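# Observations on the model geometry
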Amino acid sequence: MSNIDLILLGLIKGHPQSAYDIKKNIKYRHISRWIRISEQSIYKKVLQLESKEYISSHIEKNGNMPDKTIYTITEKGNTHFKELMNEISNKDISIFLDFNAIIMNLNFIDTKEQLVIVSNIKEKILQLKETLDVRLLERGHIPETGKAIFRQQISLVNVLEKWITDFENKLKEEK
């Protein structure tokens, strides 16, 4: 998937690093909340990017620590990075929310069960909102682009909170 390629190339472009460090950065930045990327796919993708010559590797030794493979973006990788930036920025916007698969099937369960399911979704939305608020405060040092992503996610969560509350109230009225 080109989104994952773009993220990995961007992380390596930011500074050369190992696949393990990439995994830690993805976890720290909570990238897997908005792009589907597993730990296993990170290692696989890094090898694919290297086989396509978008990144190159070298071994670093640090004292008694095991050897570490460090990846660096190549000129071919820089070109591909720019192509991906352009290509993805020109795509139609797709917002897929996992819980939409649940919402579309609510009619197949009774109203009491619907309210429980909707309440579960609402609880997760509120937890995410709290988590994002805390992380934004904790990470004041991040660049403006990172803050913009936080603000975007907070705005989306606020809209989702209003939507799920309205939806829950309509279900209660129908009961």
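What you see is a predicted model, and the numbers here were worked out from it, not measured in a lab.

## Overview of the overall build of the protein chain
- Secondary structure summary: the protein chain contains 7 helices and 2 strands in total.
- Its C-alpha atoms give the protein chain a radius of gyration of 21 Å, more than 25% over the compact-globule value 16 Å for 175 residues.
- Structurally, the protein chain occupies a C-alpha span of about 65 × 35 × 30 Å along its principal axes.
- Looking at the protein chain as a whole, 33% of its 175 residues qualify as buried.
- When the accessible surface of the protein chain is totalled, it reaches about 11900 Å², and 55% of it is carbon and sulfur.
- Charge-centre separation for the protein chain: the mean point of 27 positive side chains lies 3 Å from the mean point of 24 negative side chains.

## Describing the nonpolar core
- In terms of nonpolar packing, the biggest core is built from 22 residues, with Leu8, Leu9, Ile22, Ile26, Ile42, Val46 and Ile55 touching the most fellow members.
- Those elements that place two or more of their residues in this core are α1 (2-14), α2 (19-28), α3 (39-51), β2 (68-73) and α4 (75-89).
- When residues of this core are assigned to their parent elements, the largest contribution, 7 residues, is made by α1.
- The residues contacting isoleucine 22, other than those within four sequence positions of it, are Leu8, Leu11, Ile12, Gln17, Ile42 and Val46.
- Membership of the second largest hydrophobic core comes to 16 residues, among which are Phe99, Ile103, Val118 and Val157.

## Some points on the side chain of aspartate 5
- Here aspartate 5 lies in helix α1.
- For aspartate 5, a relative accessible area of 8% corresponds to the buried category.
- Setting aside anything within four residues of it in sequence, one finds aspartate 5 in contact with Lys45, Leu49, His80 and Leu84.

## Remarks on the packing of α1 against α2
- At their nearest, the axes of α1 and α2 sit 11 Å apart, and the two run at 110° to each other. Here α1 is positioned roughly perpendicular relative to α2, judged by the angle of their axes. Mapping the contact onto sequence places Leu8, Leu11 and Ile12 in α1 and Ile22, Asn25 and Ile26 in α2.

## Comments concerning the confidence of the model for the protein chain
- With 99% of its residues at a pLDDT of 70 or more, the protein chain has an overall mean of 89.
- When pLDDT is averaged over each element of the protein chain, β2 comes out on top at 96 and helix α5 (residues 100-103) at the bottom at 87.

## What about the packing of aromatic side chains?
- Within the structure shown, the criterion is met by 2 aromatic pairs.
- Residues phenylalanine 99 and tryptophan 163 carry aromatic rings whose centres are separated by 5.8 Å and whose planes lie at 20° to one another, so their mutual orientation is stacked. Of this pair, phenylalanine 99 sits in the loop between α4 and α5 while tryptophan 163 sits in helix α7 (residues 144-174); the two residues are 64 residues apart in sequence, bridging distant segments of the chain.
- When the ring of tryptophan 163 is compared with that of phenylalanine 167, the centres are 5.5 Å apart and the planes differ by 10°; the resulting orientation is stacked. Residue tryptophan 163 and its partner phenylalanine 167 are both found in helix α7; the two are separated by 4 residues, about one turn of the helix.
- The class of tryptophan 163 is partly exposed, set by a relative accessible area of 32%.
- A relative accessible area of 23% means that phenylalanine 167 is categorised as partly exposed.
- Grouped by ring-pair contacts, the aromatic residues Phe99, Trp163 and Phe167 constitute a single cluster.

Calculation rules
Residues numbered from 1 in each chain as written. Predicted model: local features only at pLDDT ≥ 70, side-chain atom pairs only at ≥ 80, totals over all residues. Heavy atoms only, no water. Helix = DSSP H or I, 4+ residues; strand = E, 2+ residues; numbered from the N terminus. Rg over C-alpha atoms; globule rule 2.2 N^0.38 Å. Buried < 20%, exposed > 50% of the residue type's maximum accessible area, 1.4 Å probe, protein only. Areas by Shrake-Rupley, 256 points an atom, 1.4 Å probe, with all protein chains shown as cover. Lys, Arg positive; Asp, Glu negative; His and termini not counted. Charge placed at Lys NZ, Arg CZ, Asp CG, Glu CD. Core = buried A, V, L, I, M, F, W, Y, C linked by side-chain atoms within 4.5 Å. Contact = heavy atoms within 4.5 Å. Axes fitted to C-alpha atoms, helices over the stretch in contact; angles between N-to-C directions. Parallel < 35°, antiparallel > 145°, perpendicular 65-115°, else oblique. pLDDT = per-residue confidence, 0-100. Phe/Tyr/Trp six-rings, centres within 6.5 Å; stacked < 30°, edge-to-face > 60°.

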